[in-house]
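Letter by letter, the chains look like this.
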Amino acid sequence: MAKKFLNIEEKIFKFLMKLSTLFIILVLLSIIISIFYRGLPVLSWEMISQSPKGGFYFGKEGGILNAIVGSLYLSVASTLLATLIGIPVALYINVYMTRHQKIASFIRFCLDLLWGVPSIVYGAFGFIVMVLLGLKTSLLAGILTVTIFILPIIVRSLDEILTTVPRGLHEASLSLGSTRSETSFKVFLRQCSGGIITGILLAFGRGIGDAASVLFTTGYTDYIPDSLGRPAATLPLAIFFQLSSPFPEVQDRAYAATVVLTLIILIISIITRIISKKYNKNQIEF
Amino acid sequence: MNSRLRIRYFKEKISSIWMMVCLILVIILPIGIGLGLWYKSNIIIQEYSFSELFFSSEWAPNSGKFGFLSFIISSVWLTILSVLIAAPVCILSAIYLTEYANKKVLNIMHPVIDILAGIPSVVYGVWGILLIVPLVSKVIAPAFGVQTAGYTLLTGAIVLSIMIIPFILNILIEIFKSIPQELKEASLSLGATYWQTIKLVLIRKAFPGIISAIGLGISRAFGETMAVLMVAGNVAKVPKGLFDPAYPLPALIANNYGEMMSVPMYDSALLLAALILFVIVIGFNLLSRLAIIRYQKRI
C-alpha cells in the first residue's frame, strides 16, 4: 500500500517537474513570439536607417538609428575598456595567486558581490562620479558607468574559464623558463581564447541591454553622437521613452526597437554557442 | 644579464604592475560605491529623523516630505511574491534537469536558460506590457471581481519572477550537481526507490544550498528596475492588495532622475534610496554566498 502511494507521489512530482521545465520553455517562446509578432510588422528599413526628424515624437518621419548607433558606441567602448581592466585581473588571480588561494577566493567573493549589485545602483554611483568630475551627461560618462557595471561580469566569467587550465600546463610553462607574464599571455590566454571571447560577448550583451545604468549618465538625444562629450541615445532607453508616448506611431517604433534589441541579443547568444563548440576542439587536454 | 633577458624582465615588471593596479581598482570599487552613496545621502539623513524617512509614506518632494515607507513595502511585496512564484518552478525544474532529463532535453534547456538570462530587462518589460498586463486586467482580476488596467503589484511580480528564474535555476543546477554520487548510490543500494532517494537524500542534503539560491534570487529581484518600472503602475501609496499599483525603490530612482536636480534634497533622497538598495542587496548576497561556501565545504 505504502509502495503504491510512493509510486503515485513520484508520478505526480515527475509530472510537475516536467510541467515546470515545459513552462520555462514556453515562457521564452511567448516572449520571442509576442515581441516579433508585435514588432516585425512595424519594423522597416527607414526605421533603422534614419535618425529622428522634426515632429518625430508626434508620429512624423524618422527612425531609431541614433539609438542603435549610440548603443553600439557605448557598449563596444565599455566592453573594450572592461576587457582591458578585466583580463589582467583574471590572469593575476589565476597565474600569480596560485600560492595564495585564500586571497584569490576573497577576491572572487568580492566580485560575486559586485555582480549582484543592481544596475540602477551603478547608475546612481556613475552619476555621483560624473558630478564629482564635473562632467555633463555624455557618452563618456555612460561608457565609464557601463564599464564599472560589466567589469565584475567580465572578470568572473574569464576567471571561470582560466581555472580550467590544467595545472600541469601551468607548471610546464614555468619549468621551461618563461616568466609569469609570459605564462599568462602566451599560455593561459591562448589556451582559453575561445572561452574568453564568449565571456566578453556575454558582457557586451549585458552592456547593450541595460538601461538603468545609463539613465542618469548618458542622457538622450536625437542626434548621433560625434564626440565623447555629447549625450547619446541608447536602444533600451529609446524603447522605454517611446513606449510611454500617447501616439500609436511612436509606440510602434518602440516595438520595432525591441525587435532590433532582441535580435542583437539572440545573435550574440548564437555566436557564443558556435564559438564555445569550436573552441573545445582546439584545447590541449591532459 | 644579456639584453633579451632584460627586456623579458622589464615586460614582466610592467605587466605585473598593470595587473596589480587593475586588481586594486576592482577591490576598492564596492567600497567606493558604498562610500559615494553614503556621502551623498548623508545630507538628507542629517536633516530628517529616521522615522520621518522610513516610517512615513508621505512622498511630496516639492514640500520637502520624503517618506520611503510605500516604496520599501512595494519592493518587499514584489520581491516576496516573485520569489514565491519562481522558487517552486526552479526547484522542480532543477531536479528534473539534473536527475531525470535525458541529453535531448538538456540540449534544449541549456540555450533556453542562457537566452532567458541574457534578455534585457526592457524587453521583459515590453513583453509584460504585451502579454501580462492584458492577462491580469482581462483574466486574473475579473476572476477575483476586481477592475484594473493591469498595471499592478501582481503584474510586476509575475514579470519579475520570470526574470529571476534563469538566475536561480542556474545556481540550483550547480548545487544539485555537487551532491556526491556515492550518497545517492548508497541510498539506492539500501533499497530506496529513486524518488525516495531524491526526496530524502538529495533535497535534504541540498537544503542549505536551495535556501541560499533563493536568497540570491531575492537580492536579484530586489534590484530589478526597468521591467518593473514599466508594468507595476508606479503610484506612491502603500499597496493594499495584489491588484493595487506598486512603486518599488529602483523604479522611484529611475523615474525621477530628471527632476531631481531642481528640487532641494531630492537628489540626496534618491541616492539614499540607491544606498538602501545597495545595502540590502549586498547583505542578502553576502549571507547567501557565505552559506553556499560553507555548504560546499561540508560536502
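Residues numbered from 1 in each chain as written. Chains lettered and ligands numbered in written order. Predicted model: local features only at pLDDT ≥ 70, side-chain atom pairs only at ≥ 80, totals over all residues. Heavy atoms only, no water.

Re the overall build of chain A
Phase 1 of the analysis: Regarding its fold elements, chain A presents 12 helices and zero strands.
Phase 2 of the analysis: In sequence order, chain A lays out its α and β elements as α-α-α-α-α-α-α-α-α-α-α-α.
Phase 3 of the analysis: For chain A, the spread of C-alpha atoms along the three principal axes comes to 70 × 70 × 35 Å.
Phase 4 of the analysis: Looking at chain A alone, contacts between residues at least 24 apart form 75% of all its contacts between residues at least 6 apart.
Phase 5 of the analysis: Total accessible area on chain A is roughly 13200 Å²; 68% of this is exposed by carbon and sulfur atoms.
Phase 6 of the analysis: Once the 24 positive and 15 negative side-chain charges of chain A are each reduced to a mean point, those two points are 8 Å apart. (Helix = DSSP H or I, 4+ residues; strand = E, 2+ residues; numbered from the N terminus. Contact = heavy atoms within 4.5 Å. Areas by Shrake-Rupley, 256 points an atom, 1.4 Å probe, with all protein chains shown as cover. Lys, Arg positive; Asp, Glu negative; His and termini not counted. Charge placed at Lys NZ, Arg CZ, Asp CG, Glu CD.)

A few points about the packing of helix 3 (residues 69-100) of chain B against helix 10 (residues 249-256) of chain B
Residues and elements named next belong to chain B.
Phase 1 of the analysis: For the pair helix 3 and helix 10, interaxial distance at closest approach is 7 Å and the crossing angle is 125°. It follows that helix 3 is oblique to helix 10 by the angle criterion. When helix 3 is examined against helix 10, the residues Phe-71, Ile-72 and Ser-75 are found in contact with a partner set consisting of Leu-249, Pro-250 and Leu-252. (Axes fitted to C-alpha atoms, helices over the stretch in contact; angles between N-to-C directions. Parallel < 35°, antiparallel > 145°, perpendicular 65-115°, else oblique.)

A short note on the interface of chain B and chain A
Phase 1 of the analysis: Taken together, the contact pairs 77 residues of chain B with 76 residues of chain A.
Phase 2 of the analysis: Across the chain B to chain A interface the summed buried area is about 7100 Å²; carbon plus sulfur atoms make up 82%.
Phase 3 of the analysis: Scanning the region where chain B abuts chain A turns up five salt bridges.
Phase 4 of the analysis: Residue A:Glu182 pairs with B:Arg8 through a salt bridge whose shortest N-O separation is 2.8 Å.
Phase 5 of the analysis: Counting every contact that joins chain B to chain A gives 13 residue pairs in polar contact (both at pLDDT 80 or more).
Phase 6 of the analysis: Here the side of chain B that touches chain A gets 20 residues from one element, more than from any other, and that element is helix 1 (residues 3-47) of chain B.
Phase 7 of the analysis: The class makeup of the residues in the side of chain B that touches chain A is 57 nonpolar, 12 polar and eight charged. (Buried area = accessible area lost by both parts, 1.4 Å probe. Salt bridge = Lys/Arg side-chain N within 4 Å of Asp/Glu carboxyl O. Polar contact = N/O pair within 3.5 Å; in protein donor to acceptor, adjacent residues only side chain to side chain. Nonpolar A, V, L, I, M, F, W, Y, C, P; charged D, E, K, R; others polar.)

Details of the packing of helix 5 (residues 119-133) of chain A against helix 1 of chain B
Phase 1 of the analysis: Between helix 5 of chain A and helix 1 of chain B, the least distance of the axes is 10 Å, while the angle of their chain directions is 70°. Classified by the angle their axes make, helix 5 of chain A and helix 1 of chain B are roughly perpendicular. Judged by residue contacts, A:Val121, A:Tyr122, A:Ala124, A:Phe125, A:Ile128 and A:Val131 of helix 5 of chain A engage B:Leu29, B:Gly32, B:Ile33, B:Gly36, B:Leu37 and B:Lys40 from helix 1 of chain B.
Phase 2 of the analysis: The residue inventory of the contact of helix 5 of chain A with helix 1 of chain B, partitioned by class, reads nine nonpolar, two polar and one charged.

A short note on the domain arrangement of chain B
You'll often see interface size given as the accessible area lost when the parts meet.
All names here are of chain B.
Phase 1 of the analysis: By domain assignment, chain B separates into domain 1 (3-47) and domain 2 (53-298).
Phase 2 of the analysis: Placing the centre of domain 1 and that of domain 2 at their C-alpha centroids yields a distance of 32 Å.
Phase 3 of the analysis: On the domain 2 side, the residues contacting the 11 residues of domain 1 number 10 residues.
Phase 4 of the analysis: Interface area, domain 1 with domain 2, both sides summed: about 940 Å², of which 86% is carbon and sulfur.
Phase 5 of the analysis: The largest share of the area that domain 1 buries against domain 2 comes from Leu-37, Lys-40 and Ile-44, three residues that together contribute 56% of it.
Phase 6 of the analysis: Across the contact surface, domain 1 and domain 2 share zero salt bridges. (Domains from an automatic or database assignment.)

Quick notes on a nonpolar patch on the surface
Phase 1 of the analysis: Together, A:Ile8, A:Ile12, A:Phe13, A:Phe15, A:Leu16 and A:Leu19 give the surface a local cluster of nonpolar side chains, amounting to about 530 Å² of exposed area.
Phase 2 of the analysis: Mapped onto the secondary structure, A:Ile8 falls in helix 1 (residues 2-39). (Patch = residues over 30% accessible without salt bridge, like charges linked within 9 Å, V, L, I, M, F, W, Y side chains within 5 Å.)

Some thoughts on the packing of aromatic side chains
Residues and elements named next belong to chain A.
Phase 1 of the analysis: Throughout the structure, instances matching the rule amount to 19 aromatic pairs over all chains.
Phase 2 of the analysis: Between Tyr-92 and Tyr-96, the ring centres sit 4.9 Å apart and the planes meet at 10°, which makes this aromatic pair stacked. Within this pair, Tyr-92 and its partner Tyr-96 are both found in helix 3 (residues 65-96), separated by four residues, close to a single helical turn. Of the two residues examined, Tyr-92 and Tyr-96, each falls in the buried class. (Phe/Tyr/Trp six-rings, centres within 6.5 Å; stacked < 30°, edge-to-face > 60°. Buried < 20%, exposed > 50% of the residue type's maximum accessible area, 1.4 Å probe, protein only.)

Thoughts on unusual backbone geometry
Phase 1 of the analysis: In this model, B:Asn234 sits at a positive phi of 55°, which is unusual for a non-glycine residue.
Phase 2 of the analysis: Topologically, B:Asn234 is positioned in the loop between helix 9 (226-231) and helix 10.

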